[in-house]
Amino acid sequence: MATPLVVSEVFKSFTMHLRDGIKLPVVNDVNFSVAAGECVVLGGPSGIGKSSILKMLYGNYAVDAGQILVDHKDKIVDIANADPRTIIDVRRHTMGYVSQFLRTVPRVAAIDVVAEPLVIRGVEASVAKENAAELLSRLNLPRELWSLPPSTFSGGEQQRVNIARGFITSHRILLLDEPTASLDATNRRVVVEMIAAKKEEGVAMLGIFHDEEVREAVADRILDVSAFSPRKAIAA
Amino acid sequence: MTDTPLLKVSGVSKFYGSRIGCKDVNFELWPGEVLAIVGESGSGKTTLLNCISTRLLPTAGSVEYRMRDGNFRDLYHMSEADRRFLMRTDWGFVHQNPADGLRMAVSAGANVGERLMAVGDRHYGKIRETATDWLGRVEISADRIDDQPRAFSGGMRQRLQIARNLVTGPRLVFMDEPTGGLDVSVQARLLDLVRGLVNDLGLAAIVVTHDLAVARLLSHRMMVMKDGHVIEHGLTDRVLDDPREPYTQLLVSSILQV
Ligand SMILES: Nc1ncnc2c1ncn2[C@@H]1O[C@H](COP(=O)(O)OP(=O)(O)OP(=O)(O)O)[C@@H](O)[C@H]1O
Ligand SMILES: Nc1ncnc2c1ncn2[C@@H]1O[C@H](COP(=O)(O)OP(=O)(O)OP(=O)(O)O)[C@@H](O)[C@H]1O
Ligand SMILES: [Mg+2]
Ligand SMILES: [Mg+2]
């Protein structure tokens, strides 16, 4: 099997057209790969480009140059140049993403938010819900919240819904953007265990964790994003 | 992932005299895909939607549609009768103003049943049963089936229009500002409903909206129009979170958060 994720010579900048077209370089010449069963953690100071890298991998941010190669259904797909339809298919079957904050959809119950990634893959609704229930109880989300839309939930409750949604599928690649930031110690430990289980299953994970304890517990390798900083390149 | 698109739009332009309606639009739409067309007032969204759905004849370009037999037909070279049949059976068109898409003087049940009769359903009991079922799916209670839509609220009318359009199991639905005239809480309910139906039925849809939150919620892919031209086109969350074009950045920055 091919390496699940290979990032090669990726460049990213933002051009701010509303501010006289100034160009904000974010990362230059990013190179790394993530093997199956490995958890790589992106490190470096705030604003260095960690989240931007995850978003490029997920197709959420455009890429100026370079390749993001993903092993998708036994073919290599370059996310940097893939059409929207392909990216949606990659998200559906190969690559999951837990964002820092849940984007709530009006009127959809928490348990359905969690079950949805399975349902759109064709899993029967009742089975998907059972899996969702299992994850939500594991993450200690009070049962009486399951049938409510998460828009009124606390930050930590929303985040647990978000984590459950990201972990419910058996995607081969999982991107995690500070999933434990708003959780208490008990639930942080649950997430650490869930990440360990994904590793066992051979999932390739790339994450951002500010919490040192969590990082120590999950990281096989820490990749310092400062190494890709264009500012550093200028200073040198 | 199927490998054949449902719709191929090539070089579609529409001029009103010397004024540009839309200019040189190209894209393909696949089964199950929802495309949002966004842009400010007068940018050509409705013109484009009407050209694609053959409600308007473009000045140039072609639109090909994959029929149920698998063959592509050029929509502008079809007979009027074939085109009407297609629109009644395989397509839906949801208007911003429900009065444009409903018959206001016949009952809710008949509004839905009529479309079934157009595809050859003749059994009265079955038609009524299907109509009741569809009213339920759009959250209109069964005891309103004999009421005329003029007795309905704006949100109910819009839901009825959606039921009328979806009852024949279309493969492609066009929507022009489906939540336009509704107040915010009613909009949320309608959007949630449309989102669920589109997912469940695996419909392809083209949704015109000036509301980026609607585009975010409903669509996979998004086209931004300005002065009749498509200026940016891509995955919906990419266009909204990392807009490339100056005009798209302006659009995205002028709303609070989508
Ligand atoms: N959509 C965007 N448009 C413009 N600039 C952006 C956008 N997203 C990120 N940036 C800029 O890119 C740089 C990197 O941001 P990013 O969010 O990737 O940092 P980070 O390393 O994740 O920081 P933190 O640890 O604070 O989350 C920042 O200067 C940020 O302002
Ligand atoms: N029948 C017509 N005759 C002449 N000009 C027209 C006609 N219909 C539309 N136009 C012009 O074509 C341009 C595009 O109009 P269109 O209705 O497609 O815009 P739109 O993007 O749907 O706007 P809105 O958001 O206000 O509905 C406008 O400048 C409009 O004035
Ligand atoms: Mg970040
Ligand atoms: Mg219009």
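Residue indices begin from 1 for each chain and proceed along its sequence in written order. Whichever chain is written first becomes A and whichever ligand is written first becomes 1, with later ones labelled in order. Residues qualify for local features only when their pLDDT is at least 70, as the model is predicted, and side-chain atom pairs are given and counted only at 80 or more; totals for whole chains, interfaces and linings, by contrast, use all residues. Only heavy atoms go into the side-chain values, all of them from the structure, while hydrogens and water stay out.

Asks: Help me understand the overall build of chain B, please; the structure alone is not making it clear to me.
Replies: Within chain B one finds ten helices and ten strands. The C-alpha radius of gyration computed for chain B amounts to 18 Å, which stays within 12% of the reference 18 Å derived for 258 residues, consistent with globular compactness. Seen through its C-alpha atoms, chain B measures out along the principal axes to roughly 55 × 45 × 40 Å. Relative accessibility under 20% of the residue-type maximum defines a buried residue, over 50% an exposed one, and the middle range a partly exposed one, all with a 1.4 Å probe and only protein chains included. Taking all 258 residues of chain B together, 55% fall into the buried category. Numbering goes from the N terminus for both helices and strands, where a helix is a DSSP run of H or I of at least four residues and a strand is a run of E of at least two. The quantity called the radius of gyration is restricted to C-alpha atoms. Its globule counterpart is 2.2 Å times the number of residues to the power 0.38.

Asks: Teacher, can you tell me more about the packing of helix α4 (residues 108-118) of chain B against helix α6 (residues 154-166) of chain B here?
Replies: Residues and elements named next belong to chain B. Note on method: axes are straight lines fitted to C-alpha atoms, helices fitted across the in-contact stretch only, with angles between N-to-C directions ranging 0 to 180 degrees. Axis separation between α4 and α6 bottoms out at 7 Å; the angle between their running directions is 25°. The pairing of α4 with α6 is recorded here as roughly parallel in orientation. α6 is crossed by α4, and the crossing has right-handed handedness. On the side of α4, the interface is formed by A108, N111, V112, E114 and R115, while α6 contributes L160, A163, R164 and N165. For classification purposes, angles smaller than 35 degrees are called roughly parallel, those larger than 145 roughly antiparallel, those between 65 and 115 roughly perpendicular, and all remaining angles oblique. Take the far helix as your reference; a near helix turned counterclockwise from it by less than a right angle gives a left-handed crossing, and one turned clockwise gives a right-handed crossing. Every residue pair with non-hydrogen atoms within 4.5 Å of one another is taken to be in contact.

Asks: Before we go on, may I ask you to explain the site of ligand 1 in this structure?
Replies: The near set for a molecule or strand comprises every residue that places at least one heavy atom within 4 Å of it. Among the 16 residues in the neighbourhood of ligand 1, the closest are listed as S46(A), G47(A), S51(A), S52(A) and Y61(A). Per-site note: the chains with residues close to ligand 1 are chains A and B. Measuring from an oxygen atom of ligand 1, one finds a side-chain N or O atom of S52(A) at 2.6 Å. In the environment of ligand 1, a nitrogen atom lies 3.1 Å from a nitrogen or oxygen atom belonging to the backbone of D241(B). The protein chains hide 70% of the 630 Å² of surface that ligand 1 would expose on its own. Within the residue set of the shell around ligand 1, elements represented by two or more residues are β1 (5-16), β2 (22-34) and α1 (50-57) of chain A. For the shell around ligand 1, the element with the highest residue contribution is α1(A), accounting for three residues. Side-chain atoms alone can form a polar contact between residues adjacent in sequence; in general such a contact is a pair of N or O atoms within 3.5 Å, and within protein one must be able to donate a hydrogen while the other accepts it. Here the Shrake-Rupley method, with its probe set to 1.4 Å, supplies the accessible areas, and only the displayed protein chains count as covering residues.

Asks: Whenever I open this one, the site of ligand 2 confuses me. Can you help?
Replies: All names here are of chain B. All residues in the neighbourhood of ligand 2 are listed as Y16, R19, I20, E40, S41, G42, S43, G44, K45, T46 and T47. Interatomic distance of 3.2 Å between a side-chain N/O atom of R19 and an oxygen atom of ligand 2. Contacts to ligand 2 include K45, whose side-chain N or O atom sits 2.8 Å from an oxygen atom. Within the complex, the protein chains bury 61% of what would otherwise be the 640 Å² of accessible surface of ligand 2. When contributions to the shell around ligand 2 are tallied by element, the ones reaching two or more residues are β2 (19-29) and α1 (45-52).

Asks: So what exactly am I meant to see when it comes to the sheet that holds strand β4 (residues 65-72) of chain A here?
Replies: For sheets, the rule is that strands pair by backbone hydrogen bonds, running either parallel or antiparallel. Residues and elements named next belong to chain A. Each pair of strands is called paired provided DSSP finds at least two bridges between the two strands. Reading across from one edge, β2-β1-β4-β5 is the order of the four strands in this open sheet, with antiparallel pairing throughout. A single partner strand is all that each edge strand has here, and the edge strands are β2 and β5 (75-78). Strand-to-strand twist in this sheet, taken as the mean axis angle between neighbours without regard to direction, amounts to 30°. Taken together, the nine bridges between β1 and β2 define a ladder with antiparallel strand orientation. Within the sheet, the bridge partner assigned to V10 lies in β2 and is V30. Sheet strands in contact with α1 are β1, β2 and β4, and its direction is about 70° off that of β2.

Asks: What am I meant to see in the state of the cysteines here?
Replies: Here is the idea: a disulfide is a covalent bond, and it sits between the sulfur atoms of two cysteines. Residue and element names in this part refer to chain B. Criterion for a disulfide: a pair of cysteine sulfur atoms at a distance within 2.5 Å. Counted according to the given criterion, the structure contains zero disulfides over all chains. The thiol of C22 is unpaired, and the distance to the nearest cysteine sulfur, on C51, comes to 4.7 Å. We classify C22 as buried; its relative accessible area is 0%.

Asks: Even after reading the chapter, I still don't get the pairing of strand β9 (residues 221-226) of chain B, so can you show me in this structure?
Replies: Consecutive residues of a regular strand have side chains that alternate between opposite faces of the sheet. Residues and elements named next belong to chain B. With five of its six residues buried, β9 lies for the most part within the structure. Strand direction decides the pairing type here: strand β3 (residues 34-38) and β9, joined by four bridges, are parallel. In the sheet register, A36 faces β9, and the bridge partner there is M222. For β9 and strand β10 (residues 229-235), the ladder comprises six bridges, and the chain directions are antiparallel.

Asks: How should I be thinking about the confidence of the model for chain B in this particular structure?
Replies: Reading fine detail from the predicted coordinates is not recommended where pLDDT is low. pLDDT gives the predictor's per-residue confidence on a scale running from 0 to 100. Per-residue confidence for chain B gives a mean pLDDT of 92, with 98% of residues at or over 70. Scoring of the predicted complex yields 0.93 for pTM and 0.93 for ipTM.

Asks: Hey, could you run me through the packing of helix α3 (residues 110-119) of chain A against helix α5 (residues 155-167) of chain A in this one?
Replies: Geometry of a packed helix pair, given as the angle between the helix axes and the separation of the axes. Residues and elements named next belong to chain A. The interhelical angle for the contact between α3 and α5, taken along N-to-C directions, is 25°, at an axis separation of 7 Å. The angle between the axes of α3 and α5 places the two elements in the roughly parallel class. Between α3 and α5 lies a crossing whose hand is right-handed. Where α3 approaches α5, its residues A110, V113, V114, E116 and P117 are matched on the opposing element by V161, A164 and R165. Looking at the contact of α3 with α5 residue by residue, the class counts come to six nonpolar, no polar and two charged. When residues are grouped by polarity, Ala, Val, Leu, Ile, Met, Phe, Trp, Tyr, Cys and Pro land in nonpolar, Asp, Glu, Lys and Arg in charged, and all others, Gly among them, in polar.

Asks: What is the right way to look at α1(A) in this model?
Replies: The periodicity of an α-helix, 3.6 residues per turn, causes residues three or four positions apart to be oriented the same way. Residues and elements named next belong to chain A. With six of eight residues buried, α1 lies mostly within the body of the structure. K50, S52, I53, L54, M56 and L57 are the residues of α1 that are buried. Residue G59 follows α1 closely and has a positive phi angle near 85°.

Asks: Please clarify how the interface of chain A and chain B should be interpreted in this entry.
Replies: Reports often express the size of an interface as the amount of accessible area lost when the parts come together. Counting residues at the interface gives 25 residues for chain A and 28 residues for chain B. Summed over both partners, the accessible area lost on bringing two parts together, with a 1.4 Å probe, is the buried area. Between chain A and chain B, the buried area comes to about 2,300 Å², and carbon and sulfur atoms account for 53% of it. Salt bridge criterion: a side-chain nitrogen from Lys or Arg within 4 Å of a carboxyl oxygen from Asp or Glu. The partner of D192(B) in a salt bridge is R107(A), with the nearest N and O atoms 3.4 Å apart. Across the chain A-chain B interface, the total number found is twelve residue pairs in polar contact (both at pLDDT 80 or more). Secondary-structure elements contributing two or more residues to the side of chain A that touches chain B are β1 and α2 (84-93) of chain A.

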